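# Chain and residue survey
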Amino acid sequence: MSTTLTEINSALQQDRFRDQMRVFADWKAELTQTIKDYQDWLNTHQLGSPEIELRIYDALEALNSDKLTIAFVAEFSRGKSELINAIFFADYGRRLLPSEAGRTTMCPTELFYDQESQESYVRLLPIETRLSDISLSDLKAEPSYWKTLPLDVNTPDQMAKTFEEVIKTKRVPYEEAERLGLTNAEGHDGPDSGKESSDTSVGSAAPKEVEIPQWRHAIISFPHPLLQQGLVVLDTPGLNALGSEPELTLNMLPRAQAILFILSADTGVTRSDLDMWKNHIKAFRNKQQSGLVAVLNKIDILWDEMKEPDAIEASIQEQSKSSARMLGIDAGNVFPVSAQKALLAKIRNNKDLLAQSKLPALESLLAVEILPARQRVIWDNIVSGLDQAIDNTYNPIASQLDDLVQQIKELSSMSGKSDNVVRHLLEKAKQQKAVYYESVKNFQSSRRKLAMQAKIMFNTIGMETIDDMINKTRKEMSGSWTTMGLKNGMSVFFDSARDAMQIAGRHSEQTFKVVLSIYDKFEKEHGLHINKPQPFPIRKYSGELDQLYLKAEEYRNSTLTTVTEQSFVIKNFFVSLVSHARNVFANANAHAENWLKELINPLVNQIQEKRERIDQHMATLTKLKESKESLKEKMQQLESQRQFLDEQVKSLKKIRESLQHCSPPEIDESKTKTASKEAVH
Ligand SMILES: Nc1nc2c(ncn2[C@@H]2O[C@H](COP(=O)(O)OP(=O)(O)O)[C@@H](O)[C@H]2O)c(=O)[nH]1
Ligand SMILES: [Mg+2]
């Protein structure tokens, strides 16, 4: 092999992901600091408002709890766990996650760092919780459902041993497995039986006992630097586990920033690989989401001492190409690797072997595509809102400053002039005041109308409304767990949910129009600086409902294979689906309430402040009409106020600049390599 160039490349790329992850964490820290500076500034100047404080709190919270999830999905024994070990945890100098022939991950496992907990732990959710109506995300919030084992991070051996708990299975009577909806479990005839998992149990007589996973889900927390920086690794078991745990396909996988789909050179693309790819991955990854990577593992089995390196390379490329063809993606999107050799190479610090394992190319992809994409998302979600918050602080100051400059000008025109000038100015001010008060009166009456409209909007997407829908659907569907009954129930549920969202959308538009005209009036006629208001993004929420509905349809079509499991799958599915729809409503609701406040409150405050300024100015002029003695003093007072406001404007501009300084580079979509784009044939 032409080693030198490869060697240099691999040395360059070796720690790419790790380095980028650190850069990413530093970036988040810098952004956090800037936001905190703004928070301090607001406190010092006592210029905060509940809305701005909430925004800041949300932004800081989002940055602090930000996670980058990379999911590993494949049939069993493709080498998921080994690949995770090789990419992230080789620094432990040993194999951390259990990866052995015939003993495979039995339950979905999440590795992350729990900031709240002092101790490292493995938390295991008993498989029996499948019988409950509580969704997985709700179960996650409640530690008492879980068995917690301590992890000793100083002894990798103890850690690896504790991790073995995750792969435990148990034998239960067939009826029990049936009740749990696990008669199709991989364990049924063993993952190493060489049989594809999707065709177990059907057709053959039901056995007396079935081997099922002991745990439904595992959560592992320990202070590895990558995990501390926010990485979450999701290791999933094979096809059947995906089929029987809708929460994974509906929720966890779509939310991951990257999905690595792993194939193995020793099996090629099998029927269940394809099934998984089509029904659980492609179907749930919408077009906007990038970050789907296909990996062809175990290429070391193609290494052959007797073959020329070029011939080996050719056969690796050949197999990558044919895999890509079967998945319907570009050949360049399949990454051939040897997880096992890569892990060994990293532990032994063998650069040649690492290059040969081809893992650096995959790591580099994660570093240069997945991380920047995440950065962009954080930026778009968090910073656009903060920009607006800063505007909300800035604008009243700018309005005040404008008035001040105007007043200073007026007063300076008075010095040395006759009383006539003062009288004239006072007359002018009186007129302005009358006009302004009239506008305020109109505003007060529109405000009452707005409040009524908002109330209707909140009601249509209120929790009571959605809970009524849920209860009604439950009632209609219970007892009719047929495919038809399910289909109808689901359609009715989603139709009414989407209707409600649309009605709320229309109300928000009307509200927005009214507010817009008020803004316009106060800006043009009374010179207020006000943020351009934003319409309520109802599409975000109706879009989420649409997505849920599509997923529901896909899921229903893809998994209802055997009659025995049907009611079970449906129930679990419905629990998770409905709880997500309910969440969409809860979020829309909270958002709408906040939106309305941000729309109205800055305006109310500014209108009030302006009124006070007008009154004050009148008072000053009235006093000056009596005697012009205090004119100089008054001018000085206003001048020092102007300087004070000027300072504020400058420091706010600085905060905005440092926020902009954190802005990440734009992403060139056309250059991304991940497999979200279909191959062009
Ligand atoms: N030859 C070879 N075997 C591998 C490689 N990666 C994993 N394996 C083996 O494949 C089996 C399954 O690996 P594991 O990581 O447990 O797969 P998982 O079920 O997908 O998590 C184990 O015996 C591993 O040693 C590889 O790159 N090359
Ligand atoms: Mg595994």
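Our subject is the structure listed above.
The shown structure was predicted, so the numbers you read here are calculated from the model rather than taken from an experiment. (Residues numbered from 1 in each chain as written. Chains lettered and ligands numbered in written order. Predicted model: local features only at pLDDT ≥ 70, side-chain atom pairs only at ≥ 80, totals over all residues. Heavy atoms only, no water.)

## Quick look at the environment of S320
- By secondary structure assignment, the location of S320 is in helix α12 (residues 309-327).
- Judged by its relative accessible area of 2%, S320 falls in the buried class.
- Separated by 21 residues in sequence, S320 and I299 place their C-alpha atoms 9.8 Å apart.
- Apart from residues lying up to four places away in sequence, S320 is in contact with L296, V334 and P336. (Helix = DSSP H or I, 4+ residues; strand = E, 2+ residues; numbered from the N terminus. Buried < 20%, exposed > 50% of the residue type's maximum accessible area, 1.4 Å probe, protein only. Contact = heavy atoms within 4.5 Å.)

## Comments concerning helix α2 (residues 16-45)
- Across its 30 residues, α2 extends 44 Å between first and last C-alpha, which sits within 8% of the 44 Å expected from 1.5 Å per residue.
- Once α2 finishes, Q46 follows within two positions and takes phi at roughly 50 degrees, a positive value. (Expected span 1.5 Å × (residues − 1).)

## Some thoughts on unusual backbone geometry
- Phi at N349 takes a positive value of approximately 55 degrees, unusual for a residue other than glycine.
- Residues other than glycine seldom take positive phi values, yet K358 does so here, at roughly 60 degrees.
- By the secondary structure assignment, K358 is in the loop between α14 (351-357) and α15 (359-414).
- K358 sits in the partly exposed class, given a relative accessible area of 21%.

## Describing the packing of α15 against helix α21 (residues 631-661)
- Between α15 and α21, whose axes approach to 9 Å, the crossing angle comes to 160 degrees. Relative to α21, α15 is oriented roughly antiparallel. Considering the relative orientation of α15 and α21, their crossing is left-handed.
- Looking at the contact of α15 with α21 residue by residue, the classes come out as 20 nonpolar, seven polar and eight charged. (Axes fitted to C-alpha atoms, helices over the stretch in contact; angles between N-to-C directions. Parallel < 35°, antiparallel > 145°, perpendicular 65-115°, else oblique. Left-handed = near helix turned anticlockwise from the far one by under 90°. Nonpolar A, V, L, I, M, F, W, Y, C, P; charged D, E, K, R; others polar.)

## A short note on the pattern of salt bridges
- As enumerated under the stated definition, the model contains 31 salt bridges in all.
- In this structure, R642 engages E639 in a salt bridge whose closest nitrogen and oxygen atoms are separated by 2.8 Å. Residue R642 and its partner E639 are located together in helix α21, separated by three residues, close to a single helical turn.
- Residue classification places E639 among the partly exposed residues on the basis of a relative accessible area of 27%.
- A salt bridge links D646 to R642; its shortest N-O distance comes to 3.1 Å. Here R642 and D646 lie together in helix α21, a separation of four residues that amounts to about one turn.
- According to the relative accessible area criterion, D646 is partly exposed, its value standing at 25%.
- Linked by salt bridges that have partners in common, K28, D66 and R374 make up one network. (Salt bridge = Lys/Arg side-chain N within 4 Å of Asp/Glu carboxyl O.)

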